[in-house]
Amino acid sequence: MLIKPDEDVAIDHVTDHLKTSYSDSRTPSEIEIAVDIAHAFFKGFPIRTYVPVLVERRARRILTKDSGRTSTATEPVTDRLRHI
């Protein structure tokens, strides 16, 4: 599945928006990891129109649910997805 450049731009906007929203409680790296995990979840989905919105929602859940965890950057993606 080829991801369109427009989707990449939208995901960058999602990342920037979340960095602003979570600037007081999360590092930029944690936010980027959450967005990457959320985006990876939708990798094989054929309809891409709503992926950026779904990525933002999933990343917010990761950032909210994962607020007490510190090891997310070192866990394999599959392990991190189990926590969602």
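Sequence positions are assigned chain by chain, starting from 1 and proceeding in written order. pLDDT decides what is reported in this predicted model: residues at 70 or higher carry local features, side-chain atom pairs at 80 or more are listed and counted, and totals for whole chains, interfaces and linings draw on all residues regardless. Just so you know, side-chain values use all the structure's heavy atoms and leave hydrogens and water out.

Quick word on the packing of aromatic side chains
What characterises a pair of aromatic rings is the spacing of the ring centres plus the angle enclosed by the ring planes.
Okay, so step 1: Under the pairing criterion, centres of Phe, Tyr and Trp rings, with the six-membered ring standing for Trp, must be within 6.5 Å; the plane angle then separates stacked pairs below 30 degrees from edge-to-face pairs above 60, leaving the rest tilted. Counted by the stated rule, this structure contains three aromatic pairs.
Okay, so step 2: Note on Phe42 and Phe45: the rings are 5.2 Å apart at their centroids and 80° apart in plane angle, and the pair reads as edge-to-face.
Okay, so step 3: The classification of residues rests on relative accessible area computed with a 1.4 Å probe and restricted to protein chains. Under 20% of the type maximum is buried, over 50% is exposed, and intermediate values are partly exposed. For Phe45, a relative accessible area of 38% corresponds to the partly exposed category.
Okay, so step 4: Members of the aromatic cluster, each reached through a chain of ring pairs, are Phe41, Phe42 and Phe45.

Considerations on helix 1 (residues 5-21)
Okay, so step 1: A run of H or I in DSSP becomes a helix once it reaches four residues, and a run of E becomes a strand once it reaches two; helices and strands are each numbered from the N terminus. How far a helix is expected to stretch is found by multiplying one less than its residue total by 1.5 Å. Between its first and last C-alpha, helix 1 extends 24 Å over 17 residues, near the 24 Å set by a 1.5 Å rise per residue.
Okay, so step 2: Within helix 1, burial applies to Glu7, Ile11, Val14, Thr15 and Leu18. Looking down the long axis of helix 1, one finds its buried residues gathered within 100° of arc, a one-sided arrangement. Across from the buried face of helix 1, at angles greater than 90 degrees, the exposed residues are Pro5, Asp6, His13 and Thr20. It is the directions from the helix axis to the C-beta atoms whose arc is reported.

A short note on the packing of helix 1 against helix 3 (residues 51-65)
Okay, so step 1: Each axis is a line fitted through C-alpha atoms, taken for helices only over the stretch in contact, and angles between the N-to-C directions span 0 to 180 degrees. One way to put it is that helix 1 packs onto helix 3 with a least axis distance of 9 Å and a crossing angle of 30°. In terms of their interaxial angle, helix 1 and helix 3 are classed as roughly parallel. Like other packed secondary-structure pairs, helix 1 and helix 3 cross with a definite hand, here right-handed. Mapping the contact onto sequence places Glu7, Ala10, Ile11, Val14, His17, Leu18 and Ser21 in helix 1 and Val51, Pro52, Val55, Glu56, Ala59 and Arg60 in helix 3.
Okay, so step 2: Charged residues are taken to be Asp, Glu, Lys and Arg, nonpolar residues to be Ala, Val, Leu, Ile, Met, Phe, Trp, Tyr, Cys and Pro, and polar residues to be all remaining types, Gly included. Looking at the contact of helix 1 with helix 3, its residues break down into eight nonpolar, two polar and three charged. An angle counts as roughly parallel when it lies under 35 degrees, as roughly antiparallel when it exceeds 145, as roughly perpendicular when it falls between 65 and 115, and as oblique in every other case. Here a crossing is called left-handed whenever its near helix is offset anticlockwise from the far helix by less than a right angle, and right-handed whenever the offset is clockwise. Only heavy atoms enter the contact rule, under which two residues are in contact if any of them lie within 4.5 Å.

Description of the packing of helix 2 (residues 28-41) against helix 3
Okay, so step 1: As a packed pair, helix 2 and helix 3 sit with axes 8 Å apart at the nearest point and diverge in direction by 130°. Considering the angle they form, helix 2 stands oblique to helix 3. In this structure, helix 2 meets helix 3 at a crossing whose hand is right-handed. Side by side, helix 2 and helix 3 meet where Glu30, Ile31, Ala34, Val35, Ile37, Ala38, His39 and Phe41 of the first sit next to Val51, Val55, Arg58, Ala59, Ile62 and Leu63 of the second.
Okay, so step 2: Residue composition of the contact of helix 2 with helix 3, grouped by class: 11 nonpolar, one polar and two charged.

Re the side chain of Glu7
Okay, so step 1: In this structure, Glu7 sits in helix 1.
Okay, so step 2: The class of Glu7 is buried, set by a relative accessible area of 7%.
Okay, so step 3: A distance of 2.7 Å separates polar atoms of two side chains, one belonging to Glu7 and the other to His39.
Okay, so step 4: For Glu7, the contacting residues outside a window of four places in its chain are His39, Arg48, Val51 and Pro52. For this analysis, a polar contact is any N or O atom pair within 3.5 Å, provided that within protein one partner can donate a hydrogen and the other can accept it, and provided that sequence-adjacent residues contribute only side-chain to side-chain pairs.

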